[in-house]
Amino acid sequence: LQDVIISVNLSPSQLVDDRAIELLKNQLEAHKISPNRIELEITETTLITNFKQAKAWIEMAADIGFRVAIDDFGAGYSSLSYLASFNYNTVKLDRSLLDKIDIDTRQQRIVGSLTRMIHSLSVPIVAEGAETEEQFEQLRKLGCDFIQGYVISKPITHEELAIFLQKNR
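Here goes a summary of the coordinates provided. (Residues numbered from 1 in each chain as written. Predicted model: local features only at pLDDT ≥ 70, side-chain atom pairs only at ≥ 80, totals over all residues. Heavy atoms only, no water.)

Thoughts on the overall build of the chain
So, step 1. Per the secondary structure count, the chain includes seven helices and six strands.
So, step 2. Taken from the N to the C terminus, the helices and strands of the chain come in the order β-α-β-α-α-β-α-β-α-β-α-β-α.
So, step 3. Computed over the C-alpha atoms, the radius of gyration of the chain is 17 Å, within 12% of the 15 Å expected from 2.2 N^0.38 for a compact globule of 169 residues.
So, step 4. Projecting the C-alpha coordinates of the chain onto the three principal axes gives extents of approximately 45 × 40 × 25 Å.
So, step 5. With 169 residues in all, the chain has 37% of them scored as buried.
So, step 6. Long-range pairs, those at least 24 residues apart, make up 62% of the contacts in the chain between residues at least 6 apart in sequence.
So, step 7. For the chain, the exposed surface amounts to about 10,100 Å²; the carbon and sulfur share of it is 53%. (Helix = DSSP H or I, 4+ residues; strand = E, 2+ residues; numbered from the N terminus. Rg over C-alpha atoms; globule rule 2.2 N^0.38 Å. Buried < 20%, exposed > 50% of the residue type's maximum accessible area, 1.4 Å probe, protein only. Contact = heavy atoms within 4.5 Å. Areas by Shrake-Rupley, 256 points an atom, 1.4 Å probe, with all protein chains shown as cover.)

Dropping the structure here:
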């Protein structure tokens, strides 16, 4: 299962602590995991807290080889300037943009515009929070590359995940 990427949410305090990056590096070495198999998720609100220091931390993590995702994009503090300020591998659209995507044409237009813009940067998009087949289908039509939410799976333990991945190789 060498192609599985694990996402790790970072808190604002971790994103400005150089010890956190050392801990991550040590864990990679101890478990013999390539850093490009770990995607560090940074929320927009975390970026706002201390952008300059967070940007430096993200650049250090990317230099090590970690993947970086902007999480909860569109959650309320969205700034398009973040999309041009540092390198990242993924943009994850916040569920608040998607909660009525199957019936709300305004949400559909917004998400459609965002997917076209983000794709023009050659970055894949994850839609968070899809709960129904109708939402899944609409997000697929709008160009979301990946979809997460209860329609795919409810939260499961790491043991259940290992079994699922083995069955669905």
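Having seen the structure, we can now continue with the description.
Describing the pattern of salt bridges
So, step 1. Applying the stated criterion to the full structure yields seven salt bridges.
So, step 2. Of the charged contacts, one joins Glu22 and Lys25 as a salt bridge, the two residues approaching to 3.6 Å between their closest N and O atoms. Linking Glu22 with Lys25, this pair stays in helix 1 (residues 18-31), spanning three residues, or about one helical turn.
So, step 3. Accessibility expressed as a relative area gives 39% for Glu22, which makes it partly exposed.
So, step 4. Take Lys25: its relative accessible area is 26%, and that puts it in the partly exposed class.
So, step 5. Between Arg67 and Glu39 there is a salt bridge, with its nearest N and O atoms 3.5 Å apart. Linking Arg67 in strand 3 (residues 67-73) with Glu39 in strand 2 (residues 38-43), this pair joins segments that are 28 residues apart in sequence. (Salt bridge = Lys/Arg side-chain N within 4 Å of Asp/Glu carboxyl O.)

Quick word on a nonpolar patch on the surface
So, step 1. A contiguous nonpolar patch, built from Ile156, Leu161 and Phe164 and spanning about 260 Å² of accessible area, is present on the exposed surface.
So, step 2. Within the element layout of this structure, Leu161 appears in helix 7 (residues 158-167). (Patch = residues over 30% accessible without salt bridge, like charges linked within 9 Å, V, L, I, M, F, W, Y side chains within 5 Å.)

Some thoughts on the pairing of strand 3
So, step 1. The buried fraction of strand 3 is high, at five of seven residues.
So, step 2. Examined bridge by bridge, strand 2 and strand 3 share five bridges and lie parallel to one another. Along strand 3, the bridge assignment pairs Ile42 with Ile70.
So, step 3. Sheet topology note: the strand 3/strand 4 (residues 90-93) ladder contains three bridges and is parallel. Bridging across to strand 4, Phe73 finds its partner in Leu93. (Pairing = 2+ DSSP bridges.)

Observations regarding the environment of Asn50
So, step 1. Inspection of the secondary structure puts Asn50 in the loop between helix 2 (44-49) and helix 3 (51-64).
So, step 2. By relative accessible area, Asn50 is classed as partly exposed at 32%.
So, step 3. With 38 residues separating them in the primary sequence, Asn50 and Pro12 have C-alpha atoms 8.5 Å apart.

Description of the packing of aromatic side chains
So, step 1. In this structure the tally under the stated criterion is two aromatic pairs.
So, step 2. With a centroid separation of 6.4 Å and 45 degrees between ring planes, the pair formed by Phe51 and Phe86 is classed as tilted. Of the two residues, Phe51 is situated in helix 3 and Phe86 in the loop between helix 4 (82-85) and strand 4; the sequence distance between them amounts to 35 residues. (Phe/Tyr/Trp six-rings, centres within 6.5 Å; stacked < 30°, edge-to-face > 60°.)

Interpretation in functional terms is not warranted from these geometric data alone.
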